[in-house]
Amino acid sequence: MASLEQADQKVVYGLDIGTRSVVGTVGYMNDNQFNVIAQAVEKHETRAMLDGQIHDIGKVGATIRKVTDKLEQQTDIHLTDVCIAAAGRVLQTVRTTYEYEYPDNHTITDEDIYNLDSAAVEQAYSEFLKKNTSDLKFYLVGYSVMHYYLDGYQIANLEGHNAGKVSVELIATFLPDDCVDGLYKACERASLNVANLTLEPIAAMMVAIPDRFRMLNLALVDVGAGTSDICVTDDGSITAYGMLPIAGDDITEIIAQHCLVDFNSADEIKIKASHQDQVEYVDIMGLNKTISAKEISRLIKPKVEEMAQKATDEIKRLNGDRAVSAVFVVGGGGCVPGYTKAIAKDMDIPEERVALRGEEVMKNITFLNNDGIDKDSLLVTPLGICISYYEEANNFIFVSFNGTQTKIYDNGKLQIVDAAMQAAFPNEDLFPKRGAELKYTVNGKERTSRGEPGEAAVIQLNGKPADIHSKIHANDIINVTPSTAGAPGKATIESIPEFKTKFNVNVNGKSVEASRYATVNGEAQTGYYDISAGDDVKILDYNTAAQIAELMDITITEDTVIIVNNERGDINTPVYENFKVEFKDQEDMIMDYYKDFPSADEMAISQANEESYENMDYEARLRTDKDGQLSFDDLPDDDGTYEKSESEDAEPEVVRNILAHDLHIIVNNEAITLHGKADYIFVDIFDAIDFDLSKPNGRSIVTTLNGSTPDYMQPIKEGDKIEVYWK
């Protein structure tokens, strides 16, 4: 029994659980150099795995135990924790970009970067669930950050920078629950605890394509027994993952059929043919047979070409339907003759740009015991699994979430929010929910009043208060009471900014500040009106004359005359900003018209003048001027002679002749002035009003004079009230 404990020795144990065999590696990292202490390989006795999927957990667990026992004997270390890699025919990936903008300029911390990555992974998981149409339950098994962005510009590391806006572009990978569970249970059967889980293409990439080469557009193909795992790099990061359920076992099956041997014997023939010209074997009939390597190469050529074609097609699909610059091949299945040449032909790149990777990529790896170790492409993935422990340190843990056992992919920084996501707890039930929005329109444009925030979720971690960012560990107990919704959005007319503005109008010669009025769905409403969903609110840019009168405490009666911008109006006439409005009684209107009318003294003088004029002889009348003005100095003296004034240019004393005068009346509630006559009759009003007798607008004309029916020849006098309209 081993005398040393793994934890004390600080070594890592990596297992490449392949379709045909299990490869174990024990080592440790020192100054960026990985030191291999021991390695062991054990083949499956039966086909307990197919296409990277465990079919017989017990048998795979037994094989793992054999490998572990061998390594414990070599190292004298009791191995308890293991690192593994997952493969599968139904690997799913989601590429997503998540952006976050800080309210103020913010210095980015490691925690900020973690939160950014977590939000992006959560977004990727949500996007995956939307497009996943299968009944399988998928787990997140890893993610690779492609790029970070700082205020829109790509940056290698966000930590320490000041930023307003940050974003991350990453690829998240998902595998079905049974793929992950099978690996975990097989390890449990071997009394091992899974310390880290990665993807096989990620593990191979750790060794085969170092970071300094990832600026190039390259592809890595890890051809195992059951699957061909593909990884593509470009612009400094891993840009895509893929898996194909075609690999070395497909070639082995062709050899088994042709040579009439069991699967394990056919696999041995395939391996020997890679370095022997002739291979001897015994078929199921017990007959000794021999087959040449050339015959095997010819036999498997169609399948090799098919594998290469499918790998090329998948690489191009992952690379945006274009060829990569070079392809690296690792894994035992890629060692078959003709595989790399076929990929080069299908990719249309030179043959030297498709190559097996082996010892040349292991410069940072030291084998402390070189006995019997071939540093070839078969070791790339097993070594990468160990190295990924130091790079990723990922694993699955179990926690209780609201009473349900939940498995979570552990990246070393798990929070309650991660457990909630994995348990399919609605994201909106974690955060305070706002009440329903209130949507309406103001002057034809949509407005929204947000609802009030509710209460946040009540979270307990192991019986103590916690929040969504609280760190969690294996076997933690998490209880979350969903958040609540707040009150729905609300608004009143007076809360609308446009309603609060005022405007100036001129009322009876004074500048007045008027308030706005509003209508809702065509009906007038006060500022206290509670707006409902879908309401059509209009904030009017005018007041009616009646509203202006109410503002000024002016009482409008039937005798009130409303003048807006010097034109007759009514109570509904709009009064806009800077308009002039006057409120007058009809009697005041008549007096206004009378203000230029001659006084009684002037009337008496005019009457005397008229009589004098009538008594003039003919010659004196001829001496009146053109305007009806008469100079008394031009009248004859008592002796019948005329005497001229001292100055011909002197201004004579004038008395006006007013035989013709204006008449002021009210017609259809409007003030009308008649001109040019000494006497007026009813029919004269048609010369002064817009009333076309030639175009009937009814059966008959209705006329009233001071409330009575007049005769058309009836005299009218100052201040008469007349109505004329069609009926």
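Position numbers for residues count from 1 along each chain, tracking the sequence in the order it is written. Restriction of local features to residues with pLDDT of at least 70 applies here, the model being predicted, together with a cutoff of 80 or more for giving and counting side-chain atom pairs; totals for whole chains, interfaces and linings are based on all residues. Just so you know, side-chain values use all the structure's heavy atoms and leave hydrogens and water out.

## Regarding the overall build of the protein chain
Okay, step 1: The helix count covers DSSP runs of H or I at least four residues long, the strand count covers runs of E at least two residues long, and both are numbered beginning at the N terminus. Summing up its helical and strand segments, the protein chain has 16 helices and 42 strands in all.
Okay, step 2: The buried label goes to any residue with under 20% of its type's maximum accessible area, the exposed label to any with over 50%, and the partly exposed label to all in between, with areas taken from a 1.4 Å probe on protein chains only. With 727 residues in all, the protein chain has 45% of them scored as buried.
Okay, step 3: For the area figures, the Shrake-Rupley method with a 1.4 Å probe applies, and any residue is considered shielded solely by the protein chains shown. Total accessible area computed for the protein chain in this model is approximately 38,600 Å², and 47% of it derives from carbon and sulfur atoms.

## What about the confidence of the model for the protein chain?
Where the model shows low pLDDT, its predicted coordinates should not be examined in detail.
Okay, step 1: On a scale of 0 to 100, pLDDT captures the predictor's confidence in every residue. Mean pLDDT over the protein chain stands at 84; residues scoring 70 or higher make up 87%.
Okay, step 2: Here residues 645-658 is a poorly scored stretch, pLDDT under 50, and it has 13 contacts once near neighbours within four places are set aside; other chains count. Note on definitions: a residue-residue contact is assigned when non-hydrogen atoms from the two residues lie within 4.5 Å.

## Topic: the packing of helix H5 (residues 200-208) against helix H10 (residues 380-391)
Okay, step 1: As a rule, the C-alpha atoms of each element are fitted with a line to give its axis, helices using only the stretch in contact, and angles between N-to-C directions run from 0 to 180 degrees. At a closest axis distance of 7 Å, the pairing of H5 and H10 adopts a crossing angle of 90°. With respect to H10, the axis of H5 lies roughly perpendicular. On H10, the residues touching Glu200, Ala203, Ala204, Met206, Val207 and Ala208 of H5 are Val380, Thr381, Leu383, Gly384, Ile385, Ile387, Ser388 and Glu391.
Okay, step 2: Residue classes in the contact of H5 with H10 are distributed as nine nonpolar, three polar and two charged. These descriptions rest on fixed angle ranges, namely under 35 degrees for roughly parallel, over 145 for roughly antiparallel, 65 to 115 for roughly perpendicular, and the rest for oblique. Amino acid classes used here: Ala, Val, Leu, Ile, Met, Phe, Trp, Tyr, Cys and Pro are nonpolar; Asp, Glu, Lys and Arg are charged; the rest, including Gly, are polar.

## Let's talk about the sheet that holds strand S11 (residues 153-155)
Okay, step 1: Whether two strands pair depends on DSSP finding at least two bridges between them. What the four strands build is an open sheet, ordered S9-S12-S10-S11; its pairing is antiparallel. Where the open sheet ends on each side, the last strands, each with one partner, are strand S9 (92-107) and S11. Looking at each pair of strands side by side, their axes are set apart by 40° on average, direction ignored.
Okay, step 2: Here twelve bridges tie S9 to strand S12 (residues 162-176), and the two strands are oriented antiparallel to one another. By the bridge assignment, Gln92 is partnered in S12 with Phe174.

## Overview of helix H8 (residues 293-318)
Okay, step 1: Compared with the 38 Å implied by 1.5 Å per residue over 26 residues, the 35 Å span of H8 between its first and last C-alpha is a close match.
Okay, step 2: One axis is fitted to the seven residues ending at the residue and one to the seven starting there. The bend at that residue is the angle between these axes. The largest bend in H8 amounts to roughly 50° and is located at Lys301, with the proline Pro302 lying one to four residues further along.
Okay, step 3: A positive phi of about 75° marks Gly320, the residue just after H8. For a helix, the expected span equals 1.5 Å multiplied by the residue count minus one.

## Observations concerning the pairing of S12
Okay, step 1: Taking burial as the measure, the 15 residues of S12 include twelve buried ones, the bulk of the element.
Okay, step 2: Two elements, strand S10 (residues 138-150) and S12, share eleven bridges in a ladder whose sense is antiparallel. In the sheet register, Tyr149 faces S12, and the bridge partner there is Ser167.

## Observations regarding the environment of Glu122
Okay, step 1: Examined against the element boundaries, Glu122 turns out to sit in helix H3 (residues 110-131).
Okay, step 2: For Glu122 and Leu140, which are 18 residues apart along the polypeptide, the C-alpha to C-alpha distance reads 9.9 Å.
Okay, step 3: Contact partners of Glu122, with chain neighbours within four places excluded, come to Val417, Met421 and Asn427.

## Some points on the sheet that holds strand S15 (residues 228-234)
Okay, step 1: Reading across the sheet, the five strands line up as S16-S15-S14-S19-S20 and stay open at both edges, with mixed pairing between neighbours. The outermost strands of the open sheet, each flanked by one partner alone, are strand S16 (237-244) and strand S20 (354-356). In this sheet, neighbouring strand axes are inclined to one another by 20° on average, regardless of whether the strands run parallel or antiparallel.
Okay, step 2: One ladder, built from three bridges, connects strand S19 (residues 326-330) with S20; its direction is parallel. Counterpart to Phe328 in the pairing with S20 is Ala355.

## A short note on the pairing of strand S25 (residues 445-449)
Okay, step 1: Here five bridges tie strand S24 (residues 438-442) to S25, and the two strands are oriented antiparallel to one another. Counted as the bridge partner of Lys439 is Thr448 from S25.
Okay, step 2: Two successive antiparallel strands, S24 and S25, enclose a turn made up of two residues, where Asn443 displays a positive phi of approximately 55°.

## So, the environment of Ala247
Okay, step 1: Residue position: Ala247 is located in the loop between S16 and helix H6 (248-259).
Okay, step 2: C-alpha separation for the pair Ala247 and Gly333, spaced 86 residues apart in sequence, amounts to 6.1 Å.
Okay, step 3: With residues up to four places along the chain from it excluded, the contact list for Ala247 reads Val223, Gly224, Ala225, Gly226, Thr227, Ser228 and Met307.

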